[in-house]
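Notes for the structure review
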Amino acid sequence: MTREERMRFVHSRKSDKPLYYGSYLGLDRVLGSVHPVSRSLGKEAHDEHLFISTHQAYEIWFQQIIHELRSVIDIFAFPTVPAKLVIVAADRMERVSKIQALLLQQLSILETMSPMGFLEFRDLLFPASGFQSTQFRVVENMLGLKSDSRIRYGKTGYCSFLADKDAAIVKEAEDSPTLLEVLNMWLERTPFVELGDFDFWAHYREAVNAHARMDHASIDANESVGPANKLKLHEDVDSWLATFDQLFDEEAYAAAVKRGERRLSYAAFKAVIFIELYAEEPILQGPARLLKLVRDVDELLTLWRHNHSLMVHRMLGAKMGTGGSSGFHYLKATTGKHRVFSDLFDIATYLVPDANLPPLPHDIMHRLGYVLELGSDASAAAASAAAAAEAASADA
Ligand code: HEM
């Protein structure tokens, strides 16, 4: 809509009936949607109101999360993603993470209900369960949780617990591009990972070996560690070094993908490492922030799963869930098994300190740094400002 069209639209609205707060927000419907089953049976359990309101608040926020994730997936589904859209996507992922932080806290409100308070109405809920939250499944699927990676219960897929129309929505989310997939494609296209004549990965391998040699030397020099412990520490350094096979050998990486240990492609995984190593370079700051926020979202979902399982433990002990699962034990198992972005967390294994990093050729640093071509006076001024800033940070 152009500015003129918008002004005409706003003007025309002024002649309409003025908007009213309650009707704009649909509050009659929203607030009129709390119907405790216990009330309808003539003996209202006080805490059922809180139980329903809490779940409804969750569903409203899930809807917002889906809205944000959909736009982020759309951004990365394009064959080229302008840098400013990476920032837009990062801002939206940050919003998702803030909502998740709120959702995490909401559990503690529900925990003001005692197990006895819950028992007053719990049996009335059978067989309904949070397991049937369509929007929660859509969020999981949009992130990239695959149905064959899910813990199964009841020998059937999770869709069989849903009404047909909800199963169709979940299935559609399963079949649509996921955040993991579109990010993977975008990462595969990261420039700078293969740097022409400069074989970055050969230099990085040398940096890793140098770091391992330093670690071995400092173990040997440590007089407070006995021979048996030294042997163990040397073995630890060697096994850390062995994990790099996956990074430097594409076939070893492919085998890890086959074993289900890795979800990112080899090219995408290497791109993430490069971005992490040089995250402070201006051109990589946006991508690095985005990857940090994806980790935040994965972590906050895992924390929610964990805290929800603890809450279920305190409410139900070892009883079965209303949806028919083993309750606490099932939920606890999902905490580890249903993570989507573990690869992004494992990346830290492959990082070496700044001091060990191979110096990049000047022209590459130039491109990473958005360096402007200024006149000679301005270039000299910019160079001395940069040197002063570096000296100040060294002093600090
Ligand atoms: C007293 C509070 C709660 C109890 C006792 C409880 C119990 C359970 C149990 C036992 C399950 C496993 C499925 C089953 O057998 O029923 C489950 C799953 C689930 N619950 Fe809750 N829940 C509570 C509150 C909540 C809240 C506030 C939400 C927010 C939407 C929620 C969302 C979910 C979701 C999404 C699942 C599926 C998790 C998965 O399959 O990974 N629950 N809940």
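This is a predicted model, so every value here is computed, not measured.

Just one protein atom donates to the iron atom of the ligand; it is His308 (NE2), sitting 2.2 Å from the metal. Note on placement: His308 falls in helix α16 (residues 282-316).

On to the site of the ligand. Taken together, 29 residues surround the ligand, and among them Ser129, Arg137, His308, Ser325 and Tyr330 come closest. Arg137 places a polar side-chain atom, nitrogen or oxygen, 2.8 Å from an oxygen atom of the ligand. One of the backbone N or O atoms of Gly324 is found 3.4 Å from an oxygen atom in the ligand. Counting residues per element, the ones that place at least two in the shell around the ligand are α5 (48-77), α8 (134-143), α16 and α17 (328-337). Per-element accounting of the shell around the ligand gives the leading share, seven residues, to α16. Grouping the constituent residues of the shell around the ligand by class yields 16 nonpolar, 11 polar and two charged.

Moving on, we get to the nonpolar core. In this structure, Phe76, Phe200, Tyr204 and Leu290 are the most contacted members of the largest nonpolar core, which totals 100 residues. In this view, Phe200 contacts Leu195, Phe274, Leu277, Tyr278, Pro358 and Leu360; residues no more than four positions away in its chain are not counted.

This next bit is on the packing of helix α15 (residues 266-277) against α16. The N-to-C vectors of α15 and α16 enclose an angle of 110 degrees; their axes lie 9 Å apart at closest approach. The angle between α15 and α16 places the two elements in the roughly perpendicular class. Considering the relative orientation of α15 and α16, their crossing is left-handed. Where α15 approaches α16, its residues Val272, Phe274, Ile275 and Glu276 are matched on the opposing element by Leu284, Pro287, Ala288, Leu291 and Arg295. For the contact of α15 with α16, the class distribution of residues is seven nonpolar, no polar and two charged.

Turning our attention to the pattern of salt bridges. With the rule as written, the count across this model stands at 20 salt bridges. Its salt-bridge partner being Glu181, residue Lys146 comes within 3.3 Å of it at the nearest N-O pair. Placement of the pair is Lys146 in the loop between α8 and α9 (164-175) and Glu181 in helix α10 (residues 179-188), with a sequence separation of 35 residues. For Lys146, a relative accessible area of 27% corresponds to the partly exposed category. For Glu181, a relative accessible area of 34% translates into the label partly exposed. With its nearest N and O atoms 3.3 Å apart, the salt bridge here joins Asp166 to Lys165. Residue classification places Lys165 among the exposed positions, given a relative accessible area of 61%. Among the charged side chains, a network of salt bridges with common partners joins Arg137, Glu140, Arg150 and Arg305.

What follows concerns the side chain of Glu140. Note that Glu140 resides in helix α8. The contacts of Glu140, once residues within four sequence positions are left out, are Leu145, Arg150, Arg305 and His338.

Glancing now at the domain arrangement of the protein. With domains assigned, the protein is organised as domain 1 (3-360) and domain 2 (362-396). Domain 1 puts nine residues into the contact, and the matching count from domain 2 is seven residues. Buried area between domain 1 and domain 2, summed over both chains or domains, comes out near 860 Å², and the portion from carbon and sulfur atoms is 75%. Its largest share of buried area at the contact with domain 2, domain 1 owes to Phe192, Ile283 and Leu360, together 55% of the area lost on that side. Counting the contacts that link domain 1 with domain 2 gives zero salt bridges.

The angle between the axes and the distance between the axes are what describe a pair of packed helices. One can describe the packing of α5 onto α8 by two numbers: an axis separation of 9 Å at closest approach and a directional angle of 25 degrees. Regarding the angle of α5 to α8, the classification is roughly parallel. Crossing of α5 over α8 shows left-handed handedness. Here α5 contributes Glu59, Phe62, Gln63, Ile65, Ile66, Leu69, Arg70 and Ile73 to the contact with α8, which in turn contributes Gln135, Phe136, Val138, Val139, Met142 and Leu143. Partitioning the contact of α5 with α8 into residue classes produces 10 nonpolar, two polar and two charged.

Conventions we followed
- Residues numbered from 1 in each chain as written.
- Predicted model: local features only at pLDDT ≥ 70, side-chain atom pairs only at ≥ 80, totals over all residues.
- Heavy atoms only, no water.
- Donors = N, O, S within 2.8 Å, 3.2 Å for Na, K, Ca; no water.
- Helix = DSSP H or I, 4+ residues; strand = E, 2+ residues; numbered from the N terminus.
- Near = heavy atom within 4 Å.
- Polar contact = N/O pair within 3.5 Å; in protein donor to acceptor, adjacent residues only side chain to side chain.
- Nonpolar A, V, L, I, M, F, W, Y, C, P; charged D, E, K, R; others polar.
- Core = buried A, V, L, I, M, F, W, Y, C linked by side-chain atoms within 4.5 Å.
- Buried < 20%, exposed > 50% of the residue type's maximum accessible area, 1.4 Å probe, protein only.
- Contact = heavy atoms within 4.5 Å.
- Axes fitted to C-alpha atoms, helices over the stretch in contact; angles between N-to-C directions.
- Parallel < 35°, antiparallel > 145°, perpendicular 65-115°, else oblique.
- Left-handed = near helix turned anticlockwise from the far one by under 90°.
- Salt bridge = Lys/Arg side-chain N within 4 Å of Asp/Glu carboxyl O.
- Domains from an automatic or database assignment.
- Buried area = accessible area lost by both parts, 1.4 Å probe.

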